[in-house]
Amino acid sequence: MAKKNPKPETVSPALSHVSVSHVSKSFPSSEGELRILDNVSFGIAKSEVVAIIGPSGSGKTTLLNIISGIDLPTDGSVRIGDTDITLLTDDERSAFRAKNLGFVFQDFLLLDHLTVGENVLLPIQMNGIEPRFGLDEILDRVGLLAKKNSQIGILSRGERQRVAIARAFVGNIPFLLADEPTGNLDVANGQKVMDMLLGFASELGVTVLLVTHDPEIYGRANRVIDLASFR
């Protein structure tokens, strides 16, 4: 991982820590209540890179959805900075997520009918977020400036994930969630993507929580949390 050189001024002081406290999540099933997460608790320090691992079905993506406010826990709470997001309304969680969280997904979640540049700028334009970088600067830093006006469909998988990284970091977000960010990439492109993601996070002092099953990836985190240990 790149040497850390955090810039505290790029991160809101109120959003310097993440706390997951006694989080459980259950779903109804034909056989009764199905508990996916059971009393999960941990904290993430400012600028820390934490990896979540665990076997299939252990609730990794469910936990990420709860931390991001996409879903609510059955029990427990999640605090990001001074905000307990589990106490917010749906609209408040959506607004909080848009302004404070960046996302990088395995399936990229880019819009094929938009250009590379339009995909990068879409979230900050929709949500009125102050950009951290100009479009040309962020695309140059991920090696895609020459493809600013290209359609997403012509890009390789590695290039698409670099667009997703540019989209995540172009806004002034303090916290990044990544769900299997290298899952659709070969080993070489996966390492390049992680170099880029962790490099940005280190430079900007962004806190990162990533879900992965790849030892090469979670081995680069500051800390690893195995959801199997909460069973």
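See the structure above.
A. Spotlight on empty space enclosed by the protein. Applying the stated criterion to the full structure yields 1 cavity of 30 Å³ or more. Within this model, the largest cavity holds a volume of roughly 30 Å³. Every residue along the wall of the largest cavity is listed here: Ile36, Leu37, Asp38, Val40, Ser58, Leu227, Phe230 and Arg231. Considered class by class, the residues forming the lining of the largest cavity number 5 nonpolar, 1 polar and 2 charged.

B. Looking closely at the sheet that holds strand E8 (residues 207-211). Pairing is parallel across the open sheet formed by 5 strands, whose spatial order is E6-E7-E8-E3-E9. Strand pairing shows two members of the sheet lacking a second neighbour, strand E6 (101-105) and strand E9 (223-226), which therefore form its edges. Along the sheet, successive strands turn relative to each other by an average axial angle of 20 degrees, direction set aside. Summarising the sheet, strand E7 (residues 175-179) and E8 pair through 5 bridges and their orientation is parallel. Of the residues in E8, the one forming a bridge with Leu177 is Leu209. Across the face of the sheet, helix H5 (residues 157-170) comes into contact with E6 and E7 while running at roughly 175 degrees to E6. Sheet contacts for helix H6 (residues 187-204): strand E3 (49-53), E6, E7 and E8; angle to E8, the most-contacted strand, approximately 150 degrees.

C. Spatial organisation of the side chain of Glu159. With respect to the helices and strands, Glu159 occurs in helix H5. Given the relative accessible area of 13%, Glu159 is considered buried.

D. Molecular detail of the side chain of Arg220. Its location among the elements puts Arg220 in the loop between helix H7 (215-218) and E9. Looking at Arg220, the relative accessible area reads 16%, which means it is buried. In terms of polar contacts, Arg220 uses its side chain to reach the side chain of Gln191, at 3.0 Å.

E. How the structure looks around the nonpolar core. In this structure, Ile138, Phe169, Leu197 and Phe200 are the most contacted members of the largest nonpolar core, which totals 41 residues. Every element with two or more residues in this core is listed here: E3, helix H3 (116-127), helix H4 (135-141), H5, E7, H6 and E8. Take this core: its biggest share by element is 8 residues, from H6. Residue contacts for Ile138: discarding those within four places in its chain leaves Val120, Phe133, Ala166, Val170 and Phe200. Formed by 26 residues, the second largest nonpolar core is a distinct cluster that contains Ile52, Ile66, Ile85 and Leu227.

F. Layout of the environment of Leu198. Mapped onto the fold, Leu198 is located in helix H6. For Leu198, a relative accessible area of 2% puts it in the buried group. Through-space distance from the C-alpha of Leu198 to that of Val49 is 8.2 Å; in sequence the pair is 149 residues apart.

G. Quick peek at the sheet that holds strand E4 (residues 75-80). Strand order in this open sheet of 4 strands is E2-E1-E4-E5, and the pairing throughout is antiparallel. In this open sheet, the two edge strands, each paired with only one partner strand, are strand E2 (32-44) and strand E5 (83-84). Examined bridge by bridge, E4 and E5 share 2 bridges and lie antiparallel to one another. Residue pairing for E5: Arg79 is matched across the bridge by Asp84.

H. Structural view of the pattern of salt bridges. On inspection of all chains with the given rule, the structure shows 9 salt bridges. Residue Asp71 pairs with Lys25 through a salt bridge whose shortest N-O separation is 3.4 Å. With Asp71 in the loop between helix H1 (60-67) and E4 and Lys25 in strand E1 (residues 18-29), this residue pair connects regions lying 46 residues apart in the sequence. The exposure class of Lys25 is buried, given its relative accessible area of 9%.

I. Focus on the pairing of E3. In terms of residue burial, E3 counts as a mostly covered element, since 5 of its 5 residues are buried. Of the two faces of E3, the one holding Val49, Ala51 and Ile53 and the one holding Val50 and Ile52 are both buried throughout. Sheet topology places E3 next to E9; 4 bridges connect them, and they run parallel. If you follow Ile52 over to E9, its bridge partner there is Ile225.

Rules and cut-offs
- Residues numbered from 1 in each chain as written.
- Predicted model: local features only at pLDDT ≥ 70, side-chain atom pairs only at ≥ 80, totals over all residues.
- Heavy atoms only, no water.
- 1 Å grid on protein atoms, 1.4 Å probe; cavity = no way out; pocket = protein on both sides within 12 Å on 5 of 7 lines; lining within 4 Å.
- Points joined across faces, edges and corners; volume = space filled by probe spheres on them.
- Nonpolar A, V, L, I, M, F, W, Y, C, P; charged D, E, K, R; others polar.
- Pairing = 2+ DSSP bridges.
- Helix = DSSP H or I, 4+ residues; strand = E, 2+ residues; numbered from the N terminus.
- Axes fitted to C-alpha atoms, helices over the stretch in contact; angles between N-to-C directions.
- Contact = heavy atoms within 4.5 Å.
- Buried < 20%, exposed > 50% of the residue type's maximum accessible area, 1.4 Å probe, protein only.
- Polar contact = N/O pair within 3.5 Å; in protein donor to acceptor, adjacent residues only side chain to side chain.
- Core = buried A, V, L, I, M, F, W, Y, C linked by side-chain atoms within 4.5 Å.
- Salt bridge = Lys/Arg side-chain N within 4 Å of Asp/Glu carboxyl O.

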